[in-house]
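Here are the chains, one letter per residue:
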Amino acid sequence: MAEKEYVYFPGCSLEASAIEYDLSVRKVLGALGVKLIELDDWSCCGSTPAHSVDHGFAAAVAARNLALVEKMGHSTLITPCPACLSAFKKAHLRMEKDKDFQKEVNSLLDEPYQGGVTAKSVLQIIYEDIGIKAVAEKVKIDLPDLQVAPYYGCIINRPPAVMEFDDPENPVAMDRLMEAVGIKVCDFAFKVECCGAAFGVTKRKMVNELSAKVLAMALEAGANCLVVTCQLCHQNLDLRQEQINRTMGTSFNLPVLFFTQVIGLTYGFSPQELGIDKHNINAEPLIKSRRPVEERIKEEEEKAKAKKPKPKKAEEEES
Amino acid sequence: MEPINLTQNTDWEFIEQVKKESGENPSLCYQCGNCTAGCPYTKYFDFPVNQIMRLLQTGQKETILRSRSIWLCATCETCTTRCPCQIDIAHIMDVLRIIARRENYVAEKEVKIFYDAFLSSLKHHGRIFEVGILMGYNFRSGHLFTDADLGPKILGKGKIHFLPPRIQGRDKVAEIFRKFEEKRKSRG
Amino acid sequence: MRVGVFICHCGNNIAGTVEVAKVAEEARKMPGVAFATTYMYTCSEPGQEEIKAAIAREKLDRVVVAACSPRMHELTFRRTVEKAGLNRYFFEMANIREHCSWIGEDKELNTNKAIEAVKIAVEKVKQNKPLFPSRFKINKRVLVIGGGVAGMQAALDCADGGLEVVLVEKSPSLGGMMARLDKTFPTVDCSICILGPKMVDVSQHEKITLYAYSEIEEIKGYVGNYQIKIRKKATYVDWSKCTGCGACVEKCPSRNAYDYFNFGVAPCRAINIPFPQAIPKKAKIDPKFCRQFTKGKCGVCAKICPVGAINYEMQDEIVSEEVGAIIVASGYGLIDLDKLPEYGGGRYPDVISGIQYERILNASGPTAGHIVRPSDHTEPKTIVFVSCAGSRDKSIGIPYCSNFCCMYIAKQAILTKDHIPDSQCYVFYMDIRSPGKGYDEFTRRAQEEYGVKYIRGRVSRIYPKGKKLVVKGADTLLGTQVEVEADLVVLATAVIAAPDARILAEKLHISYDPYGFYVESHPKLRPVETNTSGVFLAGACQGPKDIPASVGQGSAAAAKVLSMFSKDTLESDPQIARVNQNICVGCRKCIRTCPFGAIEEQELRDGRIVAKVIETVCAGCGICNSTCPCGAIQLQHFTDNQLLAEVNALCLT
């Protein structure tokens, strides 16, 4: 398989509070033969606070990074963070459609952005560029106890005209990837319901209530684990789970894993390597039963052998 | 809601201003309520989002800019994704919030303080210094113990840095802020 | 030559930005013009009288009217000059309104342009030749495509008017969508009870030939003389023997066939009679699900059939019919639930469409009229109806209203309460459209007498929660989000063009709009005619409409056909191509380029092969004229010389 190369934008929180997402992304993409070149001297994308000030300003903050990608001679930028992705895509799209806007934004930058960069999520490139088959090929470990509800969060594929990826009402990228690595996926109705977004610090109760709905629906769907692709969702659902229980009077104890962590486990990486030990809600009880795929296959073969005698009896009767 | 004299109290200029800044046409809205029906934040808004659109259609500038709704919108894009008239409602909410900030209407002070703390970090370091933001927010908002319970959970896991990240190009990022401020002042 | 020029003020429409007096003055100076005047409204009766009087008085032999677009009144004025004794083709119109006065406000520019337009028209009319329409015989038989209520009404009216009718219906039985309904609004009549007699009349009428389970294969010819090829699809059952006893259906082992009549509410047998009141009441095999066809072994129906009607070897048959007019009543379709992903996209069995619910309500439907949830066959107690599921929705390309959903939702809610007295129905709506007679009273009745809760607001999302479905909508009158936990959700899915509507339109050479609905000649004044002479429309194929409107249009289309057939011959338009056989070199380029196949070869007595135009087929497009290398074929009234005269008038003088 030819080695794929991508310019990588981790995003501010993946360096700190969401470091396990970055760890697991790097491990999994490495295993899949993808070379990541971290964008040199990248700056924060601006996220919600920037676009609450002015759209030209927000686009400039984001486009500084796009201009750096162009400087490196590349035309694709991948990021695990949906908010960063949204900032890049919105800046790029508006600058492409509206030349006056492009001028205004570039006047704020020291190096103008020419419009030649496509931003994508890590989830998208794994699902589309690398593909289910290649992802499935590397699986070595079974995780028989995991029953996941894939939670995409509200902006990784919405609005569809901007994000250009997967279905806006019923996305399936993570579902298919989890199935491909042998994990049981539950039919989960709240795939894109907002968890509370960036209001965790300022409006804790609101975020707790919204996140609680997601957790409750996951349990309804028969899941014992939530799988996410956004670190802000992860924080609201995992780090704040005790807060949720206090606010709502519930007793959730649902581990939340990044999809790259789940894939990483099936590839044979240890929970420590993938940062699973850094989570708040303990996922160990669900993953401790992991074992090599060969073991399961052997067991199944033995079971099949044990059943064989029956056909002989029928033959005997006939003769 | 108070009775409104539409002849005297429709702010036509405001409607045009929002149209221009957002690129969206509020006349396309036939008030079906789909946005409100799907909005996860309806419970917390003082005006549900379709009413914000209605207030915009009737030019009720003060009511909109004083509302809490525009500060509590999370830009989750549910309304935009499902609007049958293809209006980018989330974008309009954003524009209303931008106008509110510009004209100094802040119904949700904590939200603005948090955003300002975030932007301050961005301006000084080029990237987000999470601990700095939280501390800045706690201090300025007077809620000194916000998320204090989360500290012990992430301490010792390498998830907190006590020193801010500093990129080489942080002056270039600060330049963006400076140039933007200049432009805004010159526009008046 | 004495040309008369009449310049119309058209009130202020033309005179407002064109100095009509000046135009008349300049017209008088043009060579050949004997008389020029202006008039306020030339198309009015006094205006036309003025033209006739001037022709007599000034001894005019050609007339130019400078006014609106010829699409408005060319026909009117041609008749006027004809009544004054001139050949109607010695008339030209200069468009100084749509092409001139309505474009801008600059009086000088407009006046100059008007003068030029008149000049062009004068030079053209001087080149015009008298043309005489020929008359051709018409075949007084009519083809009706579609056996729904509109088609059947049209067929019955034509047949009762003495015409022979050929009725072609795509599905195995007559009845269309109306046959699937349980009751009809606002009278709550049993649908099949009022439709059945019409179906019987059609099948028994001596003047109607019914081809059921057949489709139009090909249409050739022109108004008054169509040659139709009809494909009788193989039913694998000999309908001349089948008695409709149903023994085959009972014994058929293949139970998972898709039931088209019931819109898939429940599966049916591979051999099937669509519904108990079907006409023709005959069985048909669906080879996709029949074991004999898919696996090569079964044959149960053939063994059981008491009259030996089963024939697995049956082939499609093509039959020919000749008719003089065609009425299209091909009906409508409904969008698939997969177009509505926020409502489950068809993945939730208890979220169904209005027509599926109608089949559940129907006593001869798959649940024998018991309202049950498709998922677990329990009786629902909370039923939510969602209006405008796809209609009035620009984001999925259906910006129009589907016409009858508000009414049928009210009906279905009322029937639900009748069936299940302790049920509660909710209706989410944006507006209530109930314009017909008794319609608004009917929708009010649902709310006032039957306790149906109407909630003003759209539904954003439907998702399952345990055994129920949560319907997340808005109540804009209350100003908040509302949720209903439903046992069953009925979506009023949007009306779209019938499947294959566009393909049928191409065969008929008629236009369709961006949504696939057929285009009428004029949206207000000519709703049942098309711009293709001889083809008429009736019913929902022209746009979503309810039963009374469809029946009305069926009768209207029949009236049009009867009036067309009241004459024995029809006039053909003489503005067609004609070959000067002395110049024609027989290169056959025109034959190859004609899109209508209207040119054929003719062998002259001296052995030369030349081109000959089939007058009745030629549509007058002029492509042959531009193709012909020697100018032998000319489009009458638009010949090379005539057009060059116009060009010269503009460019050389």
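Residues numbered from 1 in each chain as written. Chains lettered and ligands numbered in written order. Predicted model: local features only at pLDDT ≥ 70, side-chain atom pairs only at ≥ 80, totals over all residues. Heavy atoms only, no water.

Caption draft 1: Inspection of the overall build of chain A at higher detail. Along chain A, the regular secondary structure elements total 16 helices and 10 strands. Based on the C-alpha atoms only, the size of chain A along its principal axes is roughly 90 × 50 × 35 Å. Counting only residues that meet the buried cut, chain A has 61% of its 319 residues in that class. Here the analysis covers contacts within chain A between residues at least 6 apart in sequence; of these, 76% occur between residues at least 24 apart. Surface exposure of chain A reaches about 12500 Å², of which carbon and sulfur atoms provide 49%. (Helix = DSSP H or I, 4+ residues; strand = E, 2+ residues; numbered from the N terminus. Buried < 20%, exposed > 50% of the residue type's maximum accessible area, 1.4 Å probe, protein only. Contact = heavy atoms within 4.5 Å. Areas by Shrake-Rupley, 256 points an atom, 1.4 Å probe, with all protein chains shown as cover.)

Caption draft 2: Local environment of the interface of chain A and chain B. Across the contact, 61 residues belong to chain A and 57 residues belong to chain B. Interface of chain A and chain B: buried area, both sides summed, is about 5400 Å²; carbon and sulfur atoms make up 60% of it. When the buried surface of chain A facing chain B is broken down by residue, Leu108(A), Phe199(A) and Val201(A) rank first, second and third, together holding 11% of it. Where chain A meets chain B, there are 9 salt bridges. The salt bridge partner of Arg127(B) is Glu15(A), with a shortest N-O separation of 3.3 Å. Along the contact surface separating chain A from chain B lie 29 residue pairs in polar contact (both at pLDDT 80 or more). Put simply, the parts of the chain that give the side of chain A that touches chain B at least two residues each are α1 (19–31), α2 (47–51), α3 (55–71), α4 (82–97), α10 (204–220) and α12 (241–248) of chain A. Its residues assigned to classes, the side of chain A that touches chain B shows 26 nonpolar, 16 polar and 19 charged. (Buried area = accessible area lost by both parts, 1.4 Å probe. Salt bridge = Lys/Arg side-chain N within 4 Å of Asp/Glu carboxyl O. Polar contact = N/O pair within 3.5 Å; in protein donor to acceptor, adjacent residues only side chain to side chain. Nonpolar A, V, L, I, M, F, W, Y, C, P; charged D, E, K, R; others polar.)

Caption draft 3: A look at the pattern of salt bridges. This structure, assessed with the given rule, holds 69 salt bridges over all chains. Among the ionic pairs, Glu449(C) bridges to Arg445(C), the shortest N-O distance being 3.5 Å. The class of Glu449(C) is exposed, set by a relative accessible area of 58%. Residues joined in a network through salt bridges with shared partners are Asp22(A), Arg26(A) and Glu38(A).

Caption draft 4: Representation of the interface of chain B and chain C in the model. Across the contact, 19 residues belong to chain B and 19 residues belong to chain C. The junction of chain B with chain C conceals about 1500 Å² of combined surface from both sides, 48% of it contributed by carbon and sulfur atoms. It is Tyr30(B), Ala37(B) and Arg82(B) in chain B that bury the most area against chain C; as a group they hold 33% of the surface buried on that side. Where chain B packs against chain C, one counts 0 salt bridges. On the surface where chain B and chain C come into contact, there are 11 residue pairs in polar contact (both at pLDDT 80 or more). Per element, the largest residue contribution to the side of chain B that touches chain C is 4 residues, and it comes from helix α3 (residues 34–38) of chain B. For the side of chain B that touches chain C, the class distribution of residues is 9 nonpolar, 9 polar and 1 charged.

Caption draft 5: Region of the structure containing the sheet that holds strand β11 (residues 214–222) of chain C. All names here are of chain C. A sheet is described by the order of its strands in space; here 3 strands give the open sequence β11-β12-β15, paired in antiparallel fashion. The open sheet has two edge strands, β11 and β15 (317–323), and neither has a second partner. When strand polarity is set aside, the average angle formed by the axes of neighbouring strands in this sheet is 20 degrees. (Pairing = 2+ DSSP bridges. Axes fitted to C-alpha atoms, helices over the stretch in contact; angles between N-to-C directions.)

Caption draft 6: Spatial organisation of helix α7 (residues 191–204) of chain C. Residues and elements named next belong to chain C. Taking 1.5 Å as the rise per residue, α7 with 14 residues should run 20 Å; its terminal C-alpha atoms sit 20 Å apart, in good agreement. Taken together, the buried positions of α7 are Ser191, Ile192, Leu195, Gly196, Met199 and Val202. The secondary structure elements touched by the buried residues of α7 are α6 (149–160), β7 (164–168), β8 (183–184), β9 (189–190) and β10 (208–211). (Expected span 1.5 Å × (residues − 1).)

Caption draft 7: Structural detail: the environment of Phe129(B). Residue and element names in this part refer to chain B. Among the structural elements, phenylalanine 129 can be located in the loop between α9 (109–125) and α10 (130–141). With 101 residues separating them along the chain, phenylalanine 129 and leucine 28 place their C-alpha atoms 42 Å apart. Residues within four places of phenylalanine 129 in sequence aside, it is in contact with Ser121, His161, Phe162, Leu163, Pro164 and Pro165.

Caption draft 8: Region of interest: the packing of α9(B) against α10(B). Residues and elements named next belong to chain B. In the contact formed by α9 and α10, the axes pass within 9 Å of each other and the chain directions differ by 140 degrees. It follows from the interaxial angle that α9 and α10 lie oblique. For the pair α9 and α10, the crossing hand works out as right-handed. Mapping the contact onto sequence places Glu110, Ile113, Phe114, Ala117, Phe118 and Ser121 in α9 and Ile133, Tyr137, Arg140 and Ser141 in α10. Of the residues assigned to the contact of α9 with α10, the class counts are 6 nonpolar, 2 polar and 2 charged. (Parallel < 35°, antiparallel > 145°, perpendicular 65-115°, else oblique. Left-handed = near helix turned anticlockwise from the far one by under 90°.)

Caption draft 9: Examining a nonpolar patch on the surface more closely. All names here are of chain B. Nonpolar side chains collect at one region of the surface, where Met1, Ile4 and Leu6 lie side by side and expose about 330 Å² of accessible area between them. Inspection of the secondary structure assignment puts leucine 6 in helix α1 (residues 6–9). Residue leucine 6 is classed as partly exposed on the basis of its relative accessible area, which comes to 46%. (Patch = residues over 30% accessible without salt bridge, like charges linked within 9 Å, V, L, I, M, F, W, Y side chains within 5 Å.)

Caption draft 10: Structural detail: the nonpolar core. Within the largest apolar cluster, 99 residues are counted, with the highest numbers of intra-cluster contacts made by Phe57(A), Leu77(A), Phe88(A), Phe199(A), Tyr41(B), Ile64(B) and Leu96(B). Residue contributions to this core peak at 11 residues, all from α3(A). Composition of this core by domain shows at least three residues from each of domain 1 (4–123) and domain 2 (139–297) of chain A. The contact partners of Phe199(A), leaving out residues within four places of it in the chain, are Arg204(A), Met206(A), Val207(A), Tyr41(B), Trp71(B), Leu72(B), Cys73(B), Ala74(B), Val111(B) and Tyr115(B). Core analysis: the next-biggest nonpolar cluster, separate from the first, contains 90 residues, Ile230(C), Phe261(C), Ala278(C) and Ala538(C) among them. (Core = buried A, V, L, I, M, F, W, Y, C linked by side-chain atoms within 4.5 Å. Domains from an automatic or database assignment.)

Caption draft 11: Here's a closer look at the side chain of Thr81(B). Here Thr81(B) shows up in helix α7 (residues 78–82). For Thr81(B), a relative accessible area of 18% translates into the label buried. Leave out the neighbours within four places in its chain, and Thr81(B) touches Arg158(A), Pro159(A), Pro160(A), Pro168(A) and Glu169(A).

Caption draft 12: Just the pairing of strand β1 (residues 3–8) of chain C, in detail. All names here are of chain C. Among the 6 residues in β1, 6 count as buried, and that is most of the element. By the alternation rule, side chains of β1 split into Val3, Val5 and Ile7 and Gly4, Phe6 and Cys8, which are all buried. Here β1 runs beside strand β2 (residues 33–39); their pairing, made up of 6 bridges, is parallel. Counted as the bridge partner of glycine 4 is phenylalanine 35 from β2. Assessed by its sense of winding, the connection that carries the chain from β1 through helix α1 (residues 20–29) to β2 is right-handed. (Right-handed = clockwise from strand over helix to strand, strands pointing away.)

Caption draft 13: Molecular detail of the packing of α1(C) against helix α5 (residues 107–127) of chain C. Residues and elements named next belong to chain C. Relative orientation of the contacting elements α1 and α5 amounts to 35 degrees, with a least axis distance of 9 Å. Of the two elements, α1 crosses α5, and the hand of that crossing is right-handed. In contact with Lys22, Val23, Glu26 and Ala27 of α1, α5 contributes Thr111, Ala114, Ile115 and Val118.

Caption draft 14: Geometry of the domain arrangement of chain A. Residue and element names in this part refer to chain A. You can read the domains of chain A as domain 1 (4–123) and domain 2 (139–297). Spacing between the C-alpha centres of domain 1 and domain 2 amounts to 24 Å. Contact residues are listed per partner, giving 27 residues for domain 1 and 30 residues for domain 2. Between domain 1 and domain 2, the buried area comes to about 2200 Å², and carbon and sulfur atoms account for 76% of it. Broken down residue by residue, the surface that domain 1 buries against domain 2 is led by Glu20, Tyr21 and Leu123, which jointly contribute 31%. Counting the contacts that link domain 1 with domain 2 gives 1 salt bridge. The partner of glutamate 164 in a salt bridge is lysine 89, and the shortest N-O contact between them spans 3.7 Å. Applying the counting criterion to the domain 1 and domain 2 interface returns 4 residue pairs in polar contact (both at pLDDT 80 or more). If you tally residues by element for the side of domain 1 that touches domain 2, the top one is α1, at 9 residues. Residues belonging to the side of domain 1 that touches domain 2 are distributed by class as follows: 17 nonpolar, 6 polar and 4 charged.

Caption draft 15: A look at the confidence of the model for chain A. Summing up the model confidence of chain A, the mean pLDDT is 93 and the portion of residues at 70 or higher is 96%. Counting contacts from residues 314–319 of chain A, a segment whose pLDDT is below 50, to residues more than four positions away or on other chains yields 0 contacts. (pLDDT = per-residue confidence, 0-100.)

Caption draft 16: Just the sheet that holds strand β20 (residues 424–429) of chain C, in detail. All names here are of chain C. Pairing in this open sheet of 5 strands is parallel, and the strands run β18-β25-β19-β20-β21 from one edge to the other. Looking at which strands have only one partner, the edges of the open sheet turn out to be β18 (351–353) and β21 (453–456). Neighbour-to-neighbour, the strand axes of this sheet turn through a mean angle of 25 degrees, independent of strand direction. Bridge analysis of β20 against β21 gives 4 bridges, and the strand direction is parallel. For tyrosine 426, the partnering residue across the bridge sits in β21 and is lysine 453. Seen against the sheet, helix α11 (residues 354–361) touches β18, β19 (382–389) and β25 (488–493) and runs at an angle of roughly 90 degrees to β18. Strands in contact with helix α12 (residues 405–419) are β19, β20, β21 and β25; relative to β19, the strand with the most contacts, it is inclined by about 175 degrees.

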